[in-house]
Structure formats: structure tokens, C-alpha cells
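Structural features, examined
Spelled out from the first residue to the last, the chains are:
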Amino acid sequence: MSDKIPEGNRSARERLARQREQEKGREKRRRTLIVASAVVGVLALAAVVGLIAANVSKDGGEDTASGPAIAPSGASGEDALTLPVGAADAPSTLTIWEDFRCPVCAQFENALRDTVSELVNDGQVRVEYHLATIIDGNLGGSGSLRAANAAACAQDAGKFAPYHDVLFSNQPPEPDDAYGKNSRLIELAGKVQGLDTPEFRSCVEDGDHDSWVKKSDTAFRKGGFQGTPTVLLNGESVFPSKDGEQISPAALKKWILAANKGKKPGTAAPSDPDAPAPSSAASSSASPEGSATADGSATPSPQGDEPADPAAPSSAAGS
């Protein structure tokens, strides 16, 4: 029997072998393509997730300014986000969260400024201010941020309290982003004796405390507060009311004196006691109606005596 394989059979086997090799090559290329596509998909997904995370961070008020958060001189509290006014040993503490573009914050300040100043100067209460920038997020612009940075610059100069009052006394209409212009903020500094200096101007124009302001706004958003102004007396909310009684100059004074009963007034000198305080822009009988919320809506006050000079709540629409 011959060992030779017929030529036709040999050719058929060779063709079959070549086909198998070609199929193996095609399968290898197919698998490589699948793996490559999967890698590209994962990278694309990671990029999308990263973009979403970045946008959430930005919308949530995270610190996006370049550089570290530089706290103004004399800032205290956790992360140095508190701007204190008044005697450090005062028996009561009034904590206030505000936005310099918030119209209801201005109403609150203009209505109760004289009462708060009196209680501070008498050593009855220490005020701890915190700054937020929710109106910038709701209406656009940068006036909340720029004004807060300027106020922090005034804190560096020991002039926070009077400059704070000037900003609220001269607040532009809510949709008007006038405070987004550093020139306007510097112009208003001329109303505070000794504040308009080269150092203050440089601090305002360079945005020295921008990152600090954004860190403060992040703390506000994470704090679970309903809106600005948020006003707490010894940790208890008193705005727009306390125990069913609407806030007013007389009510606030009564609440603070009641909390201080049997306690000695503070003895430490208030911040910048010689600075002239602006005159109140509202009747002492007026009281705020609501507050600007983080989404731009208003929180109405409980039913009670109608204020003598009611003001419209914030009309900012959420963005």
C-alpha cells in the first residue's frame, strides 16, 4: 500500500488549514476590537462622570477659586468663617447668615440695626456674621461674592461692621448686579472713615478673600439653612418669628434680655466702637416678612401683626 497522499487530498487539507488560520486571525482581531472598544467606553464614561462631578461641585458652591481660602484678620470659629462683632464675653450670641444682594437681609438689617447696635454696645449680645452668595447662583452675576470679599477686606482693616451697614443701606435692586463692580464697592468704602486705603483697594480688586467667601457659602449650603437671612439667638431660630411672635426691634430686645437674665454683660470692647453707624433706612416698627431661600423663593412669616412698612420678599428665581 502506498504511503503517498494523493495530490487532490493534500491540496484540500492545506486549504482547510489556511482557512482555520484565517478564522483564528479574524477572531483575534475581533476580540482585540472588543477590548479596545470597552476601554474607550470606560474612559468616556469616566470623563462624563468627572464632568458631572465638576458641575455638581460648581453648582453646589464648592470652593472653585484658585489658591487657598485666606480668612480675614480676626475671623474666628470653625474654619475661621465667623466675623465677630461685640464683646467676646457677652452672655448671648446672635448668629446671622446674610447675602449682600438679598433684599430681605437688607430689610432685616435696616429695621433692626439700631437695636442690635445698642445691645452690642451694652455688652448684652455678640453678633457672629456669616456670608453667603445664593443670589449670584439664582440670578447670575457676582455681586454677592464681590461684596462679601470687600466686606472681608474691611474686616482686615477693622471696619467690617460699619462697611457691612453701608452695603445694606445702599443695596441695589435685587436683579441689579451693581455690587459685581469693584469700583462701586470701593466708592462705598468712602462712607466709612479710614477704610478707603490702597491696601483695601488692592484687597478688593485682587479678590484676596474670594476662596474664603466661597468656603463660607459652601458651609451655608451644607448647614441645612432655609435661606437668608438666617438669624439664631443662642442657636435658636428667631427669624421670622420666635414662639409665634414675629421679630421686631422690641421683640428681639425682649428675647435677648430674657436670655441674659441674671447674667453679667460683656466687658470686652465691641469691634471698631468709634466708627459712625449709618442711620436706619427703615422705621423702627418695621419687621421683615420673609427670607430669600437657597432656591430663590421666599419664606413667609407666620400670621401676626402686620408690619408698619412691609417690604416685598425676594423675587429671585432659582436657576
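These numbers were taken from a predicted model, which means no experiment stands behind them. (Residues numbered from 1 in each chain as written. Predicted model: local features only at pLDDT ≥ 70, side-chain atom pairs only at ≥ 80, totals over all residues. Heavy atoms only, no water.)

1. Thoughts on the packing of helix H4 (residues 143-156) against helix H5 (residues 160-169)
Convention followed: Between the N-to-C directions of two axes lies an angle of 0 to 180 degrees, each axis being a line fitted to C-alpha atoms and, for a helix, fitted only over the stretch in contact. Numbering of helices and strands runs from the N terminus; a helix is a DSSP stretch of H or I covering at least four residues, while a strand is a stretch of E covering at least two. Oblique is the label for any angle not under 35 degrees, not over 145, and not in the 65 to 115 range, which are roughly parallel, roughly antiparallel and roughly perpendicular in turn. The hand of a helix crossing depends on one turn: near helix anticlockwise from the far one by less than a right angle means left-handed, and clockwise means right-handed. Note on contacts: a residue pair is in contact if any heavy atoms of the two residues lie within 4.5 Å. When residue character is reported, Ala, Val, Leu, Ile, Met, Phe, Trp, Tyr, Cys and Pro are called nonpolar, Asp, Glu, Lys and Arg charged, and the others, Gly included, polar.
Running from N to C, H4 and H5 cross one another at 155°; their axes reach a closest spacing of 8 Å. One way to sum up the angle between H4 and H5 is to call them roughly antiparallel. Here H4 runs over H5; the crossing is right-handed. For the pair formed by H4 and H5, the contact residues are Ala147, Ala150, Ala151, Ala154 and Gln155 on the first element and Phe160, Tyr163 and Leu167 on the second. For the contact of H4 with H5, the residue count by class is 7 nonpolar, 1 polar and no charged.

2. A closer look at the packing of helix H6 (residues 182-189) against helix H7 (residues 198-206)
Two numbers describe how H6 lies on H7: the axes approach to 10 Å, and their chain directions differ by 155°. The orientation of H6 relative to H7 falls into the category roughly antiparallel. The crossing of H6 and H7 is right-handed. Note on element contacts: H7 touches H6 through Phe200, Arg201, Val204 and Glu205, opposite Asn182, Leu185, Ile186 and Ala189. Taken together, the residues of the contact of H6 with H7 break down into 5 nonpolar, 1 polar and 2 charged.

3. Considerations on the state of the cysteines
Such a bond, covalent and formed between the sulfur atoms of two cysteines, is termed a disulfide. Rules: The rule for a disulfide is simple: a pair of cysteine sulfur atoms within 2.5 Å. Each residue's exposure class comes from its accessible area (1.4 Å probe, protein chains only) as a fraction of the maximum for that residue type: buried when under 20%, exposed when over 50%, partly exposed otherwise.
Within the structure shown, the criterion is met by 1 disulfide. Sulfur-sulfur distance for the disulfide between cysteine 153 and cysteine 203 comes to 2.1 Å. Judged by the torsion about the S-S bond (-80°), the cysteine 153/cysteine 203 disulfide is left-handed. With a gap of 50 residues between them, cysteine 153 in helix H4 and cysteine 203 in helix H7 connect regions that are remote in the sequence. For cysteine 153, a relative accessible area of 3% puts it in the buried group.

4. Examining the nonpolar core
Cut-off, in case you're wondering: Grouping buried Ala, Val, Leu, Ile, Met, Phe, Trp, Tyr and Cys residues that are joined through side-chain atoms within 4.5 Å yields what is termed a nonpolar core.
Of all hydrophobic cores here, the largest spans 61 residues; its most connected members are Leu94, Phe100, Val127, Tyr163, Leu167 and Phe200. Examining the composition of this core, we find that 9 residues originate from one element, helix H2 (residues 103-121), more than from any other. Not counting chain neighbours up to four residues away, the residues in contact with phenylalanine 200 comprise Ala150, Cys153, Ala154, Tyr163, Leu185, Ile186, Ala189 and Leu195.

5. Structural notes on the confidence of the model for the protein
We apply this condition: As a per-residue measure, pLDDT reflects the predictor's confidence and takes values from 0 up to 100.
Looking at the protein as a whole, its pLDDT mean stands at 78, while 66% of the residues score no less than 70. Contacts for the low-pLDDT stretch residues 32-64, under 50 throughout, to residues beyond four places or in other chains number 16 contacts. Low pLDDT, under 50, characterises residues 270-290; the stretch is placed with 58 contacts to residues that sit more than four places away or in other chains.

6. Let's talk about the pattern of salt bridges
Operational definition: Take a side-chain nitrogen of Lys or Arg and a carboxyl oxygen of Asp or Glu: if they are within 4 Å of each other, that pair is a salt bridge.
Tallied over the full model, the rule gives 11 salt bridges. The salt bridge involving lysine 253 is made with glutamate 118; its shortest N-O contact spans 2.9 Å. Here the residue lysine 253 occupies a position in helix H9 (residues 249-259), and glutamate 118 occupies one in helix H2, the gap between them amounting to 135 residues. Overall, the relative accessible area of 30% leaves lysine 253 in the partly exposed class. When its relative accessible area of 34% is taken as the criterion, glutamate 118 is described as partly exposed. Between aspartate 243 and lysine 242 there is a salt bridge; the shortest N-O distance is 3.0 Å.

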